[in-house]
Amino acid sequence: TYWTAKDAPKPYKDYQSSARPFAEQKIQPMVWPLEKQERFRDSQIEFTREDLFRDAQKNQDLLIGELKARLSGLEGLIKTPGIKAEGPRIDEKASQKNGYGNVRDVVRAGVQINTLPAAKKLLSRLGDRFEVLVEKPKVTKSGYVNLTAQVRFPNGQIGEVQIAPPAMWEAKKAVGDELYR
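Basis of the calculations
Residues numbered from 1 in each chain as written. Predicted model: local features only at pLDDT ≥ 70, side-chain atom pairs only at ≥ 80, totals over all residues. Heavy atoms only, no water. Buried < 20%, exposed > 50% of the residue type's maximum accessible area, 1.4 Å probe, protein only. Helix = DSSP H or I, 4+ residues; strand = E, 2+ residues; numbered from the N terminus. Arc of directions from axis to C-beta. Contact = heavy atoms within 4.5 Å. Phe/Tyr/Trp six-rings, centres within 6.5 Å; stacked < 30°, edge-to-face > 60°. Lys NZ or Arg CZ within 6 Å of the ring centre and 35° of its normal. Pairing = 2+ DSSP bridges. pLDDT = per-residue confidence, 0-100.

1. Concerning helix 4 (residues 88-96)
When we look at burial in helix 4, the residues that qualify are Ile90, Lys93 and Ala94. Buried residues of helix 4, seen end-on, are gathered within an arc of 100 degrees and therefore sit on one face of the element. Those residues of helix 4 that are exposed and angled more than 90 degrees off the buried face are Pro88, Arg89, Ser95 and Gln96. On its buried face, helix 4 is in contact with helix 2 (49-54). Phi turns positive one or two residues past the end of helix 4, at asparagine 98, with a value near 65 degrees.

2. Quick look at the packing of aromatic side chains
A ring pair, where both rings are aromatic, is described by two values, the distance of the centres and the angle of the planes. Counted according to the given criterion, the structure contains one aromatic pair. Between phenylalanine 130 and phenylalanine 153, the ring centres sit 5.4 Å apart and the planes meet at 75 degrees, which makes this aromatic pair edge-to-face. Linking phenylalanine 130 in the loop between helix 5 (116-127) and strand 4 (131-135) with phenylalanine 153 in the loop between strand 6 (145-152) and strand 7 (158-164), this pair joins segments that are 23 residues apart in sequence. Over the aromatic face of phenylalanine 130 sits the side chain of arginine 129, whose NZ or CZ is 5.2 Å from the ring centroid.

3. Examining the pairing of strand 6
The side chains of a regular strand alternate between the sheet's two faces. Within strand 6, eight of the eight residues are buried, leaving the element largely enclosed by the surrounding structure. Burial along strand 6 is two-sided: Val145, Leu147, Ala149 and Val151 and Asn146, Thr148, Gln150 and Arg152, pointing in opposite directions, are all buried. With four bridges joining them, strand 4 and strand 6 adopt antiparallel strand pairing. Each residue of the ladder has a partner; that of valine 134, found in strand 6, is alanine 149. Between strand 6 and strand 7, which pair antiparallel in sequence order, lie five residues; one of them, glycine 156, sits at a positive phi of approximately 95 degrees.

4. Topic: the side chain of arginine 104
On the secondary structure map, arginine 104 appears in the loop between helix 4 and strand 3 (108-113). Judged by relative accessible area, arginine 104 falls into the buried class, the value being 16%.

5. A closer look at the confidence of the model for the protein
For the protein, the average pLDDT comes to 76, and 71% of its residues sit at 70 or higher. When pLDDT is averaged over each helix and strand of the protein, the minimum, 30, is found for strand 1 (residues 2-3) and the maximum, 96, for helix 3 (residues 56-70). Every residue in residues 1-31 is under pLDDT 50, and counting partners more than four places away or in other chains gives 83 contacts.

6. What to know about the environment of glycine 99
Structurally, the position occupied by glycine 99 is in the loop between helix 4 and strand 3. With relative accessibility at 26%, the residue glycine 99 sits in the partly exposed group. Considering only alpha carbons, one finds glycine 99 and phenylalanine 47, 52 residues apart in sequence, at a separation of 8.3 Å.

7. A short note on unusual backbone geometry
We note that glutamate 75 has phi near 55 degrees; this positive angle belongs to a residue other than glycine. With respect to the secondary-structure elements, glutamate 75 resides in the loop between helix 3 and strand 2 (76-79). In this model, asparagine 98 sits at a positive phi of 65 degrees, which is unusual for a non-glycine residue. For asparagine 98, the position within the fold is in the loop between helix 4 and strand 3.

In structure tokens, the structure reads:
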């Protein structure tokens, strides 16, 4: 299930007080029709390996600039690992996902944010600039939680923004990818 910051004024439903830690709040996604999800993702379906990297740095810079502008007043911190490196891992991922057009995280950023209402406001603000598809929140057995949004750039490329509270970024840094797999 998916929800979007652009299509709904309230993409989340808060069941608990906004004063509670982000990770303890329950989130209910809004469903996008399957056809709309597919149209969003198909914007880069014909991309080749070269297409993924042609405008990646330009799109990365655009994403970071927009995040900086839209974080104003939300007490968030941008985590920018930069674009994914070209190399065998991209080829492996493309093979697993049926082609380079399904690799949607070459352009990427993270945002550390304290509360779900602030995350909601950020996604809404991003929806003013990009078409945004927000995936179902990831919550693992280990207690890891984050929101992942895909944003579509003017050239059709799709990038990824992960939003998580400070404790999740610290845990991810300490434990690594195993935390959320």
